[in-house]
Amino acid sequence: DSALQATGGWVAGIIFEAWRAGDLSDGHGAPDPLHGLARNILEQLTEDERELLLVTSVLQAVTIERAEALGITAAAVRLSALRCRHLPASWRSDPLWMRCHPRFREYLLERFTQEGGDRVARAWSTVGRLYVADGHAEDAVEAFLTAGELDAGGHAADSCIVSIVERLDFDVARRWLQAFCPSGAPASVGFVTAELLMGT
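Residue numbering note: each chain is counted from 1, following its sequence as written. Reporting of local features is limited, given that this is a predicted model, to residues whose pLDDT is at least 70; pairs of side-chain atoms are given and counted only at 80 or more, and all residues count toward the totals for whole chains, interfaces and linings. The side-chain numbers reported here are obtained from all heavy atoms of the structure, hydrogens and water having been left aside.

Draft legend 1. Expanded view of helix α7 (residues 102-115). Under the 1.5 Å per step criterion, the end-to-end length of α7 is 20 Å for 14 residues, consistent within 8% with the ideal 20 Å. Residue exposure (1.4 Å probe, protein chains only): buried if accessible area is under 20% of the type maximum, exposed if over 50%, otherwise partly exposed. In this text, helices come from DSSP runs of H or I with a minimum length of four residues, and strands from runs of E with a minimum of two, each type numbered from the N-terminal end. Taken residue by residue, α7 has Arg103, Phe104, Arg105, Tyr107, Leu108, Leu109 and Phe112 as its buried positions. Downstream of α7 by one or two residues, Gly116 has phi in the positive range, about 65°. Expected helix span is computed as 1.5 Å times (number of residues minus one).

Draft legend 2. The side chain of Arg105, seen in detail. By the element assignment, Arg105 lies in helix α7. By the counting rule applied here, Lys and Arg register as positive and Asp and Glu as negative, while His and the ends of each chain are not counted. A carboxyl oxygen of Asp or Glu within 4 Å of a side-chain nitrogen of Lys or Arg is what we treat as a salt bridge. No salt bridge is formed by the buried Arg105, whose closest oppositely charged neighbour, Glu106, lies at an N-O distance of 8.9 Å. What qualifies as a polar contact is a pair of N or O atoms within 3.5 Å, subject to a donor-acceptor requirement within protein and to the restriction that residues adjacent in sequence count only when both atoms come from side chains. Within the structure, the side chain of Arg105 is placed 2.8 Å from the backbone oxygen of Ser57, a separation counted as a polar contact. Any two residues whose heavy atoms approach within 4.5 Å at even a single point are treated as in contact. Those residues in contact with Arg105 that lie beyond four places of it in its chain are Ser57, Val58, Leu59, Gln60 and Cys100.

Draft legend 3. Broad picture of the nonpolar core. Nonpolar cores are built from buried Ala, Val, Leu, Ile, Met, Phe, Trp, Tyr and Cys residues. Side-chain atoms within 4.5 Å join them into one set. By size, the foremost hydrophobic cluster in this structure holds 54 residues, and its most contacted members are Leu53, Val58, Met98 and Trp176. When neighbours within four sequence positions are excluded, Trp176 is seen to be in contact with Glu138, Val141, Glu142, Leu145, Ala157, Cys160, Ile161, Ile164 and Cys181.

Draft legend 4. Inspection of the packing of helix α4 (residues 47-55) against helix α6 (residues 75-83) at higher detail. At a minimum axis distance of 10 Å, the contact between α4 and α6 shows a crossing angle of 95°. Classed by the angle they form, the pair α4 and α6 counts as roughly perpendicular. Residue-level inspection shows Asp48, Glu49, Glu51, Leu52 and Leu53 of α4 in contact with α6, the latter providing Ala75, Arg78, Leu79, Ala81 and Leu82. Note on residue categories: nonpolar means Ala, Val, Leu, Ile, Met, Phe, Trp, Tyr, Cys or Pro, charged means Asp, Glu, Lys or Arg, and polar means any other residue, Gly included. For the contact of α4 with α6, the residue count by class is six nonpolar, no polar and four charged. The convention used is that axes are lines fitted to C-alpha atoms, helices contributing only their stretch in contact, and that angles between N-to-C directions extend from 0 to 180 degrees. Oblique is the label for every angle not falling under 35 degrees (roughly parallel), over 145 degrees (roughly antiparallel), or within 65 to 115 degrees (roughly perpendicular).

Draft legend 5. Region of interest: helix α12 (residues 189-198). Of the positions making up α12, those classed as buried are Gly190, Phe191, Ala194 and Met198. Each buried residue of α12 sits inside an arc of 95° when the element is viewed along its axis, so together they form one side. Of the exposed residues in α12, those oriented more than 90 degrees away from the buried face are Val189 and Leu196. Looking at the buried positions of α12, the neighbouring elements they touch are α10 (150-166) and α11 (170-180). Just past α12, the residue Gly199 takes up positive phi, approximately 75°. The directions from the helix axis to the C-beta atoms are what the arc is built from.

Draft legend 6. Looking closely at unusual backbone geometry. Cis geometry is found at the peptide bond from Asp94 to Pro95, where omega equals 0°. Structurally, Pro95 can be placed in the loop between β2 (89-92) and β3 (97-100). A positive phi is found at Leu168, a non-glycine position, where the angle reads about 70°. Position of Leu168 relative to the elements: it lies in the loop between α10 and α11. By relative accessible area, Leu168 is classed as exposed at 62%.

Draft legend 7. The packing of aromatic side chains, seen in detail. Aromatic contacts are taken between Phe, Tyr and Trp rings whose centres are within 6.5 Å, Trp giving its six-membered ring; a plane angle under 30 degrees counts as stacked, one over 60 as edge-to-face, and the others as tilted. If you walk through the whole model with that rule in mind, you get one aromatic pair. When the centroid spacing of 6.4 Å and the interplanar angle of 15° are considered together, the rings of Phe180 and Phe191 count as stacked. Remark: Phe191 occurs in helix α12 and Phe180 occurs in helix α11; sequence separation between them is 11 residues. Among the residues examined, Phe191 registers a relative accessible area of 4% and is labelled buried. Charge-over-ring placement is defined geometrically: NZ (Lys) or CZ (Arg) within 6 Å of the ring centre, and within 35 degrees of the ring normal. The ring of Trp97 has Arg92 lying over it, and the distance from NZ or CZ to the ring centre is 4.4 Å.

Draft legend 8. Inspection of the sheet that holds β2 at higher detail. We call two strands paired when DSSP finds no fewer than two bridges between them. One open sheet accounts for three strands, arranged β1-β3-β2; its pairing is antiparallel. Lying at the two open borders of the sheet, with one neighbouring strand each, are β1 (62-63) and β2. Across four bridges, β2 lies against β3 in antiparallel orientation. By the bridge assignment, Ser90 is partnered in β3 with Arg99.

Any functional reading would require information that these geometric values do not contain.
Right under this line is the structure:
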């Protein structure tokens, strides 16, 4: 239990993290060995199980309800089946909850993002709406930006950009202002206040 907690649920990941941290590659841009392991894990799963992992890689933690929101059918059955697999993930019950090891999720998200197209954008847009519903406006902004949903992202950003400036995270605030308030465009109260506080 201590080992699982210390390694985020994936003891084998220690070896590959050490490999990367110690720069033990051959110096010629060799692929990350952890990706090879992650790919091997996916190849042993069913198509439905792979789809759930790839689509839900946009989530920090996966529940049945959130998987269904992302369009996964029979999410309860698929998630329960995955729990019986040897995955680099942490699990909880009642309600069923899965969190992939950060490095495994990184690989899944990379694979899913490479698909491109509307499916990926829709997934990030859904995540943005879930964050808004949970009261996590800042996370919602980043999700909407990834989805290309500037209207929804601008509304979420306007609601929290002042708090971003107050904690002196000016880089984030300026990036949002550039994305949602291009030069000459009318700005809302939150954006105007942020600009005044930063003295821009």
